Amino acid sequence: MPKITFIEYNGTAHTVEVEEGLSVMEAAVNNGVPGIDADCGGACACATCHVYVDAAWEAKTGEKNESEAAMISFANGVEPNSRLSCQIKVTAELDGLVVRMPAGQH
Amino acid sequence: MTAGIVIAGAGHAGGAAAAALRQFGYKGTITLVGEEPIPPYQRPPLSKAWLKGEATAESLALRPERFYTQQNIQTRLSTTVTAIDRSGHQVQLSDHTAIPYEKLILALGARPRRLPLPGFTLPGVLELRTAADADRLKAAIHPGTRIAIIGGGYIGLEAAASVRALGAEAFVLEREPRLLARVASEPLSAFFHAAHTAHGVAIHVNTQVVGLKGEGRVEAVLLADGTELPCDAALVGVGAIPNEEIAAAAGLECRHGVVVDAQARTADPDIFAIGDLTQRPLSLYNRTGRLESVPNALEQARQAAACITGRPAPSPEVPWFWSDQYDIKLQIAGLPFDVARLVIRGDPTSGAFAVFHLDAEGHVQCVESVNTPAEFMAGRLLIQKRKAIDAAALADQTTNLKELAA
């Protein structure tokens, strides 16, 4: 199974294994990784699963859709590599993905 | 080992509280007691993806079953808390055992309101709160069947959209002059009325249901004017009432919900209450209220977990809510208190618009956004900031929302 590393704002790293087909958000939530709230459960309605995708992975994680782009542009600390992790689907290609968390989701 | 924390209620709020406690470093025993036979799951998809067969039990689950083992969270499912013994610091369970607690979190939720009308106990009369309810509803929906939906609120309308997606007929009966009368502005009601009508849902407003009839099973809805509308099943979605009985019996203050403060504490320092169950402060609006939403449950779960683990209280969040019907994504932030005027941004007939609710000083109190996520996010920020804004600038779609909200 692909491995994903989540790095908390304080630097703590969590590497988890995740089934393909789930979202990066679900990978965090299912494993109790702190720092991703995901209040809406993946409906792209809340922008509380904000992550920064490491530069090396930006191409592989794909483009933001219109709705995600609109939501995330208002999130705290938005950067060009900001994504909503509920909108990134885990594939074999993403094995080794590293994402970083913002200071807070609210 | 100390008595630890007992969470009464294993819905979204209870499940989130257990997870938040572990995330915040709580090391003691956590026992999650829930009436339903399955671990906490997401209720919002029940009226949508689940009904349409697009979700699995796994995708519905808040967390996989292994999470509870890995995090050392004890689950007592198919079990209810029947009484709270405050002086003895223990709860009685429906299986006649008792468990001690150091801290108790009440997450008992709410239950669908039932109408005391003839025929409402007939087979085929359904409600929608639990996964089991949703399965019964799903079993009643087949191409060509007619589903009567009593109550034009969010549950009813989301179900109507799913019924149509499954090729069945739906008609909605609403007592008030408009859909979503208690929870949405008139422009939003009008938009949803038109959208459902366009999708083939018959909407009857100003319509008083007086009973249901059928031989052994519901066959028709009876209206006050004598009309009988035939149906194969009826879904009743007319609001919910908080499950506050055991809290009230234990002497905790209840006022249409268990009364809590901004950290989800009751007057008993060892008892917290969270989610649909609570009458809570709405700090942005200088009043209290009971909110039925996932974000509310999660916010209060975090408040209780932070308080118990000695973390700083999280800053208050703007209440919000979402609903998906057909290709319509509705997001609402804030609450429509003290509203002096409505400002509509965008054209409702285009299917993408937002209704901003402003108070007399021009503060945004609430935003209802339809397929306009940027308006939702900007509105949420504006509500939080309490910044007076110019209504004309807000209505003008060439005004940059990020600058307006900055």
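The structure presented is a predicted model; accordingly, all values stated were derived computationally and were not measured.

Calculation notes
Position numbers for residues count from 1 along each chain, tracking the sequence in the order it is written. As a convention, the first chain written is A and the first ligand written is 1, with the rest following in written order. Only residues with pLDDT of 70 or above have their local features reported here, since the model is predicted, and side-chain atom pairs are shown and tallied only from 80 upward, although totals for entire chains, interfaces and linings are computed over all residues. For side-chain calculations, the full set of non-hydrogen atoms in the structure is used, while hydrogens and water are omitted. The helix count covers DSSP runs of H or I at least four residues long, the strand count covers runs of E at least two residues long, and both are numbered beginning at the N terminus. Put simply, the radius of gyration uses C-alpha atoms, and a globule should come to 2.2 Å times the residue count raised to 0.38. For every residue, the accessible area (1.4 Å probe, protein chains only) is compared with the maximum for its type, and the residue is labelled buried under 20%, exposed over 50%, or partly exposed between those bounds. We call two residues in contact when some of their heavy atoms are within 4.5 Å. Methods summary: accessible areas were calculated by the Shrake-Rupley approach with a probe of 1.4 Å, and residue burial reflects only the protein chains presented. The charge count treats Lys and Arg as positive and Asp and Glu as negative. His and the chain ends do not count. Lys charges are placed at NZ, Arg charges at CZ, Asp charges at CG and Glu charges at CD. In this analysis, the expected span of each helix is defined as 1.5 Å times one less than the number of residues it contains. Each of two parts loses accessible area, computed with a 1.4 Å probe, when they are put together; buried area is these two losses added. Salt bridge criterion: a side-chain nitrogen from Lys or Arg within 4 Å of a carboxyl oxygen from Asp or Glu. Think of pLDDT as the predictor's per-residue confidence, scored from 0 to 100. Each axis is a line fitted through C-alpha atoms, and for a helix only the stretch in contact is used; angles between axes span 0 to 180 degrees, taken between their N-to-C directions. Any angle that is under 35 degrees is reported as roughly parallel, and any over 145 degrees as roughly antiparallel; angles of 65 to 115 degrees are reported as roughly perpendicular and all others as oblique. In this scheme the crossing of two helices becomes right-handed for a clockwise turn of the near helix relative to the far one and left-handed for an anticlockwise turn of less than a right angle. Polarity classes work like this: nonpolar for Ala, Val, Leu, Ile, Met, Phe, Trp, Tyr, Cys and Pro, charged for Asp, Glu, Lys and Arg, and polar for all others, with Gly in that last group.

(A) Fine view of the overall build of chain B. Each helix and strand in chain B was counted, giving 11 helices and 26 strands. A compact globule built from 406 residues should have a C-alpha radius of gyration of about 22 Å, and chain B, at 22 Å, falls within 12% of that. Residues counted as buried form 56% of the 406 residues belonging to chain B. Of all intrachain contacts in chain B linking residues separated by at least 6 positions in sequence, the fraction that spans at least 24 positions is 59%. Carbon and sulfur atoms make up 52% of the accessible area of chain B, which amounts to about 16,600 Å² in all. Each charge sign in chain B was given a centre, from 38 positive and 42 negative side chains, and these centres are 5 Å apart.

(B) Spotlight on helix α9 (residues 373-385) of chain B. Residue and element names in this part refer to chain B. Along its 13 residues, α9 runs 18 Å from first to last C-alpha, staying within 8% of the 18 Å computed at 1.5 Å per residue. In terms of burial, α9 is a largely internal element, 10 of the 13 residues being buried. Of the residues making up α9, those classed as buried are P373, A374, E375, F376, M377, A378, G379, R380, L382 and I383. After α9 finishes, the residue R386 shows a positive phi value of roughly 50°.

(C) Region of the structure containing unusual backbone geometry. Backbone geometry places A47 of chain A, a non-glycine residue, at a positive phi of 60°. With respect to the helices, strands and loops of the structure, A47 of chain A is situated in the loop between α1 (24-30) and β3 (50-53).

(D) Region of interest: the interface of chain B and chain A. Counting from both sides, the interface comprises 25 residues of chain B and, opposite them, 24 residues of chain A. Taking both sides of the interface into account, the surface hidden between chain B and chain A amounts to around 2,000 Å²; carbon and sulfur atoms contribute 56%. Among the residues of chain B in contact with chain A, Q23, M377 and K402 of chain B are the three that bury the most area, contributing 25% of the side total. The interface formed by chain B and chain A contains two salt bridges.

(E) A look at the confidence of the model for chain B. The pLDDT averaged across chain B works out to 96; a share of 100% of its residues lies at or above 70. Among the prediction metrics, the complex's ipTM stands at 0.92, with pTM recorded as 0.95.

(F) Inspection of the packing of helix α5 (residues 154-165) of chain B against helix α6 (residues 186-198) of chain B at higher detail. All names here are of chain B. Following both chains from N to C, one finds α5 and α6 inclined at 25°, their axes separated by 11 Å at the closest point. Between α5 and α6, the crossing angle belongs to the class labelled roughly parallel. In the crossing of α5 with α6, the sense of the turn from one axis to the other is left-handed. In contact with Y154, L157, A160 and A161 of α5, α6 contributes L188, F192 and H196. When the residues that make up the contact of α5 with α6 are grouped by side-chain class, the tally is six nonpolar, one polar and no charged.

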